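Structural features, examined
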Amino acid sequence: MSKEDILSILDTADSFKEISTRKIKKVPTLRGRTIISLFFEPSTRTRTSFEIAGKRLSADVINISASTSSVTKGENLIDTARNLEAMSPDILVVRHSCAGAPQLIAQHLKCSVINAGDGAHEHPTQALLDLLTIREHKRTFKGLKVAIVGDIAHSRVARSNIHAMKTMGMEVILVGPPTMMPADIERLGVSVCHNLLDAIGEVDIIMMLRIQLERQSRFLLPSLREYANLFGLTLEKLKKARPGVLIIHPGPVNHGVEISPEVMSSPHSLILNQVTNGVAVRMSLMYLLLGGADETFD
Amino acid sequence: MDTVILNEKDISRAVNRIAHEILEKNRGCENLALVGIRTRGVYLAKRLQQKINAMEKASIDHGILDITLYRDDLGLEKQNPVLKKTEIAFPIDGKDVVLCDDVLFTGRTIRAAIDALVDFGRPASVQLAVLIDRGHRELPIRPDYVGKNIPTSKSMSVKVKLREEDEEDQVVLIGANS
């Protein structure tokens with residue numbers, strides 16, 4: 001996605017924010033359009049956010065969870081998508097555990113497809129809402145330094161954000177234990193650090209990633225407590241950070257592991273702002289996709 | 001061929017007169033709010049607000065409406081018009097809202113604006129002030145206050161320039177046959 005594409009999505013999202021503050025939170029723009037969201041993995045934020053975004057634009061939104069669909073009877077991905085396409089949706093929103101699944105669907109279908117997270121590959125709408133949140137508080141992206149902390153290797157949020165932030169001219173430092181850091185990741189134009197305290201004083205924004213508790217059993221971590229000691233964000237560690245530092249997290253949060261409850265409720269934390277912005281960004285994307293132009297955002 | 005229909009002074013006199021007419025019809029400005037339709041309607045509304053505030057020693061509400069999301073032609077054009085913010089920071093229930101726009105043509109913009117407005121609340125009345133009425137209505141919409149009526153043919157276009165956005169105040173008729 002180019003810088004211009006990103007800015008156009010963010011600028012439009014800005015204008016959509018106001019609608020969620022009205023008493024009647026609806027505009028007729030996508031009236032009668034159909035949006036189907038197909039989630040093969042669980043989700044609270046992303047799924048609800050897409051649903052609310054579509055409904056506030058007056059579209060008809062249908063949510064399908066793979067666990068309660070015929071996928072459990074063995075129906076494959078392409079068949080599922082093609083069957084849904086036969087019901088004329090305008091947009092398909094897809095979250096899948098395999099990288100490239102939304103891309104595959106998009107190649108076979110005529111309607112617009114939005115990636116809501118594919119395996120450990122990308123989560124583009126998360127990166128966009130993160131950028132929107134950052135822009136609200138820092139005005140400009142150029143020259144900003146971000147630390148992304150946690151299980152980078154398995155994080156689609158990290159990947160999407162690395163691409164997005166580099167495109168907007170930000171500097172990215174990845175922080176995490178070596179077991180969770182992909183080899184050669186510096187080739188994406190980022191720097192790597194294995195100690196949170198080393199990086200914390202240098203950055204304007206700290207993005208904490210969720211430690212996926214199931215990883216611990218795969219011996220990537222000695223224990224959650226040790227992870228929390230070395231990489232968890234506490235008020236104590238925050239004292240070493242810049243005064244205006246912003247803290248973001250894609251959610252859900254493991255209290256006391258990657259981030260302490262005190263930090264979450266501190267004025268630096270923008271975690272709930274991110275969620276609000278998520279609705280605006282998704283409204284923006286849907287509006288731009290169905291606007292009539294033959295838009296493709298990769 | 002381009003003809004200048006209104007110059008800076010003409011526009012200023014029209015705005016003055018409209019301000020007076022608004023006050024006359026509404027018997028003051030107690031319940032009044034002005035909402036400008038993006039983009040140039042906003043400046044028109046602002047100027048009217050200033051005149052009315054000065055004349056009545058009051059402070060009436062001013063809002064900005066972007067009707068892009070309420071248009072009836074989205075998806076028909078290749079590119080969507082750029083979306084800007086709507087800012088109506090005051091409650092409109094029970095208010096006499098005067099919508100302001102630069103040119104009234106088919107009336108579809110005003111239809112969209114009324115739909116947008118009623119999503120914000122229930123005004124006591126909605127009135128319409130336009131600088132130019134160029135005819136060719138496609139919907140039953142009529143203005144309450146008009147700067148100037150200009151008969152046009154559909155092939156012509158009317159360009160309103162206001163100094164807040166363009167370099168000068170001027171209304172130009174484009175494509176008139178001599």
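For the rest of this paragraph, the subject is the overall build of chain A. What chain A contains, in helices and strands, is 12 helices and nine strands. Here chain A has a C-alpha radius of gyration of 19 Å; the compact-globule value for 298 residues is 19 Å, and the two agree. If one aligns the C-alpha atoms of chain A with their principal axes, the spans along those axes are about 55 × 40 × 35 Å. Going through the 298 residues of chain A one by one, you find that 43% of them count as buried.

Scanning chain B from N- to C-terminus turns up three helices and eight strands. Listing every helix and strand of chain B by position from the N terminus yields β-α-β-α-β-β-α-β-β-β-β. The C-alpha radius of gyration of chain B comes to 16 Å, within 12% of the 16 Å expected for a compact globule of 178 residues. Along the first, second and third principal axes, the C-alpha set of chain B runs to 45 × 40 × 30 Å. Counting across all 178 residues of chain B, residues that qualify as buried make up 38%. Relative to all contacts within chain B whose residues are 6 or more apart in sequence, the contacts with residues 24 or more apart total 68%.

Turning our attention to the environment of Arg27 of chain B. Structurally, the position occupied by Arg27 of chain B is in the loop between helix H1 (8–26) and strand E2 (32–37). When the C-alpha positions of Arg27 of chain B and Gly63 of chain B are compared, they lie 21 Å apart, and in sequence the two are 36 residues distant.

Another point: the pairing of strand E6 (residues 171–175) of chain A. Residue and element names in this part refer to chain A. Relative to E6, strand E5 (residues 145–149) runs parallel, the two being bridged by five bridges. Bridge assignment links Val149 to a residue of E6, and that residue is Val175. Each parallel crossover has a hand, and the one from E5 via helix H6 (residues 156–167) to E6 is right-handed. The pairing of E6 with strand E7 (residues 191–193) spans three bridges and is parallel. Among the inter-strand pairings, Ile173 is bridged to a residue of E7, identified as Ser191.

We now examine the sheet that holds strand E1 (residues 34–39) of chain A. Residues and elements named next belong to chain A. Spatially, the four strands line up as an open sheet ordered E2-E1-E3-E4, and their pairing is parallel. Of all strands in the sheet, those with a lone pairing partner are strand E2 (60–65) and strand E4 (112–118), marking the two edges. The sheet shows a mean angle of 15° between the axes of neighbouring strands, taken without regard to direction. One ladder, built from six bridges, connects E1 with E2; its direction is parallel. Note on E2: the bridge partner recorded for Phe39 is Ser65.

Now for the nonpolar core. All names here are of chain A. Counting 129 residues, the largest nonpolar core has Ile148, Ile206 and Met286 as the members making the most contacts within it. For this core, the leading source of residues is helix H12 (residues 271–289), giving nine residues. Lining this core are residues from two domains, each supplying at least three of them: domain 1 (3–122 + 275–289) and domain 2 (124–274). Residue contacts for Met286: discarding those within four places in its chain leaves Leu30, Ile35, Ala53, Gly54, Leu57 and Ile91.

Another point: the domain arrangement of chain A. Residue and element names in this part refer to chain A. Domain parsing of chain A yields domain 1 (3–122 + 275–289) and domain 2 (124–274). Placing the centre of domain 1 and that of domain 2 at their C-alpha centroids yields a distance of 26 Å. If you look at the interface, domain 1 gives 23 residues, while domain 2 gives 21 residues. Where the side of domain 1 that touches domain 2 is concerned, the elements lending two or more residues are helix H1 (3–17), E4 and H12. For the side of domain 1 that touches domain 2, the per-class residue count stands at 10 nonpolar, eight polar and five charged.

The subject of this paragraph is the packing of H1 of chain A against H12 of chain A. All names here are of chain A. Packing of H1 against H12 brings their axes to within 8 Å, and their N-to-C directions diverge by 115°. In terms of crossing hand, the pair formed by H1 and H12 is right-handed. Packed against H1, whose contacting residues are Ile9, Thr12, Ala13, Phe16 and Lys17, the element H12 presents Ala280, Val281, Met283, Ser284, Leu285, Tyr287 and Leu288 at the interface. A class-by-class count of the residues in the contact of H1 with H12 yields nine nonpolar, two polar and one charged.

This paragraph deals with the packing of helix H2 (residues 45–56) of chain A against H12 of chain A. All names here are of chain A. Where H2 meets H12, the axes come as close as 8 Å, and the angle between the chain directions of the two elements is 50°. Put simply, H2 runs oblique to H12. Here H2 and H12 pass one another in a crossing that is right-handed. Within the contact between the two elements, H2 uses Arg45, Ser49, Phe50, Ile52, Ala53, Gly54 and Arg56 and H12 uses Val275, Gly278, Val279, Arg282, Met283 and Met286. Along the lines of polarity and charge, the residues of the contact of H2 with H12 split into seven nonpolar, three polar and three charged.

Moving on, we get to the sheet that holds strand E8 (residues 170–174) of chain B. Residues and elements named next belong to chain B. Spatially, three strands are ordered E1-E8-E7 in an open sheet, and the strand pairing comes out antiparallel. The sheet is open, and its two borders are formed by strand E1 (2–6) and strand E7 (157–161), each paired with just one other strand. Looking at each pair of strands side by side, their axes are set apart by 25° on average, direction ignored. Pairing between E7 and E8: five bridges, direction antiparallel. Considered in E8, the bridge of Lys159 is made with Val172.

Going from Gly251 of chain A to Pro252 of chain A, the amide bond is cis rather than trans, its omega being -5°. With respect to the secondary-structure elements, Pro252 of chain A resides in the loop between strand E9 (246–248) and helix H11 (261–264). A cis geometry characterises the amide bond from Arg38 of chain B onward to Thr39 of chain B, with omega recorded as 5°. Secondary-structure assignment places Thr39 of chain B in the loop between E2 and helix H2 (40–56).

Across its 19 residues, H12 of chain A extends 27 Å between first and last C-alpha, which sits within 8% of the 27 Å expected from 1.5 Å per residue. For H12 of chain A, the tally of buried residues reaches 14 of 19 residues, placing the bulk of the element in the interior.

Next up on the list: the pairing of E8 of chain B. Regular strands show a simple pattern: their side chains alternate between the two faces of the sheet. Of the pairings in the sheet, the one linking E1 of chain B to E8 of chain B comprises four bridges and is antiparallel in character. Bridge pairing links Val4 of chain B to Val172 of chain B in E8 of chain B.

Here we take up the environment of Asn26 of chain B. Among the secondary structure elements, Asn26 of chain B is positioned in helix H1. Here Asn26 of chain B is in contact with Leu32 and Asp96 of chain B, once residues within four sequence places are set aside.

Calculation criteria
Residues numbered from 1 in each chain as written. Chains lettered and ligands numbered in written order. Predicted model: local features only at pLDDT ≥ 70, side-chain atom pairs only at ≥ 80, totals over all residues. Helix = DSSP H or I, 4+ residues; strand = E, 2+ residues; numbered from the N terminus. Rg over C-alpha atoms; globule rule 2.2 N^0.38 Å. Buried ≥ 20, exposed ≤ 12 C-beta atoms within 10 Å, placed from the backbone. Contact = placed C-beta atoms within 7 Å. Pairing = 2+ DSSP bridges. Right-handed = clockwise from strand over helix to strand, strands pointing away. Axes fitted to C-alpha atoms, helices over the stretch in contact; angles between N-to-C directions. Core = buried A, V, L, I, M, F, W, Y, C linked by C-beta atoms within 7 Å. Domains from an automatic or database assignment. Nonpolar A, V, L, I, M, F, W, Y, C, P; charged D, E, K, R; others polar. Left-handed = near helix turned anticlockwise from the far one by under 90°. Parallel < 35°, antiparallel > 145°, perpendicular 65-115°, else oblique. Expected span 1.5 Å × (residues − 1).

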